[in-house]
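Summary of structural features
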Amino acid sequence: MNPISIQVNGRGFSRQAEPRMHLGDFLRDELRLTGTHLGCEHGVCGACTVLVNGQPTRSCITFAVACEGQEVTTIEGYDDDAVMQKLRPAFTRHHALQCGFCTPGMLTTARDIVLRLPHADEALVRLELSGNLCRCTGYQGIVDAILDVLQQQRDTPDAEVEKLRQTLSLPRTMALGPVTTPSPAQPPTADPVVAAEMAEVDPIAMAKAKAKGNAIEVHFDVPYPADQVWEFMGDLPAVASCLPGATIDSHEGERVKGTIAIKFGPMSAAFAGAARLERDDAARRAVLRGAGQDSLSKSRTQGDITYRLEALTAGSTRVHVDMIYALQGPLAQFSRSGLVKDFVRRMVADFGKQITRRLGGQTVASNEPQPTVSVAGMMWSVLWSRIRGWFGKSPRP
Ligand code: FES
Ligand code: FES
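Just so it is clear, the structure is predicted and the values come from calculations on it, not from any experiment. (Residues numbered from 1 in each chain as written. Chains lettered and ligands numbered in written order. Predicted model: local features only at pLDDT ≥ 70, side-chain atom pairs only at ≥ 80, totals over all residues. Heavy atoms only, no water.)

1. Re the environment of Gln152
Among the secondary structure elements, Gln152 is positioned in helix H5 (residues 139–155). A sequence separation of 66 residues divides Gln152 from Lys86, and the C-alpha atoms of the two residues are 8.9 Å apart. With residues near it in sequence (within four places) discarded, Gln152 still touches Lys86, Arg93 and Pro157. (Helix = DSSP H or I, 4+ residues; strand = E, 2+ residues; numbered from the N terminus. Contact = heavy atoms within 4.5 Å.)

2. Observations regarding the pattern of salt bridges
For the structure shown, the criterion picks out 15 salt bridges. Across the pair Arg318 and Asp221 runs a salt bridge whose closest N-O atoms are separated by 2.8 Å. Of this pair, Arg318 sits in strand E12 (residues 316–328) while Asp221 sits in strand E6 (residues 214–222); the two residues are 97 residues apart in sequence, bridging distant segments of the chain. Exposure remark for Arg318: the relative accessible area of 23% places this residue in the partly exposed category. A salt bridge links Arg284 to Asp227; its shortest N-O distance comes to 2.5 Å. (Salt bridge = Lys/Arg side-chain N within 4 Å of Asp/Glu carboxyl O. Buried < 20%, exposed > 50% of the residue type's maximum accessible area, 1.4 Å probe, protein only.)

3. As for the environment of Pro225
Position of Pro225 among the secondary structure elements: in the loop between E6 and helix H9 (226–232). Once the C-alpha coordinates of Pro225 and Ala314 are considered, the two residues, 89 residues apart in sequence, prove to be 5.8 Å apart. Each residue touching Pro225, except ones within four places of it in the same chain, is listed here: Ala314, Gly315, Ser316 and Thr317.

Structure below.
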């Protein structure tokens, strides 16, 4: 058993917890806060969503001991919350619940949408809700209730809601999407848990370990000579600035430490870790070996990214990227699907576009925080392209 001290709904609690007890069980069984519902217990349905330090988090794949010293808000903790005071009657008005099992998680995600995306339209609300499943399939009422609250806030702004929007700290949830409100991102090193775990990662040891796991091969083309692309890709901070969700915290020679953040519905993960780049100038081939860990779910990833440049013409280059990665821990279930491979292909394609922009002269500060990769948005685009492929049709305009 491990001792754990935690703030829940503004109250401090000290308890003992098994190392593998997840936060959902801890809240329900130890603190008797049974408003947090557990459905799939695999991080898929969103029923167990709570806030950890203000961030929507799946309590079923978050270890209780990882929340030592953190602030958790459950559905029981919103009595005086300005957004929930609007969402609750809106859910009632729009018949947004049937059995109510998904409702605590839905309300938590709905609150996040109202605060983070003031101009969200129906399509974006549905996209953001895609990480919460309702077994009664009452989505229309839920979407209408959220849109209703968003509209109320636009028509007659509530000062308390605006204050919450302004104070919202979103280090891991700057979702890419058709309508987003950029929010200030803070360096991941501000999170002491993340910073401590980064210090544990030894890039030398990692470099000696041969990566095993899933393999993905992909390429992208850039309209610049191979020499120029090769030189650019040796600049690790510049390359990281082209990768959505990546933030570099320290960089020394061929070694780099940083974080890559993803968001999937109400679940967000930030893999903090270290990587080492080995370059072969003659072959214009390089290997980036790295490993990282998400502080809340304790999921770990390790892998090699090999890239090789092929000069297509004097002024254009193909960048071949081979990834071998392994993911362990609660988030590993998301690595099984072929959808993830498609997702990575999309991410690499976006990476290629950003590199083309940078080579074209658009500058980004070397340590500028990048928006989080919105898995929900990319997943939707991946799914849509698959559906098109199955039916052999082009999308309608
Ligand atoms: S219980 Fe389904 S995501 Fe946690
Ligand atoms: S209202 Fe029944 S699961 Fe959503």
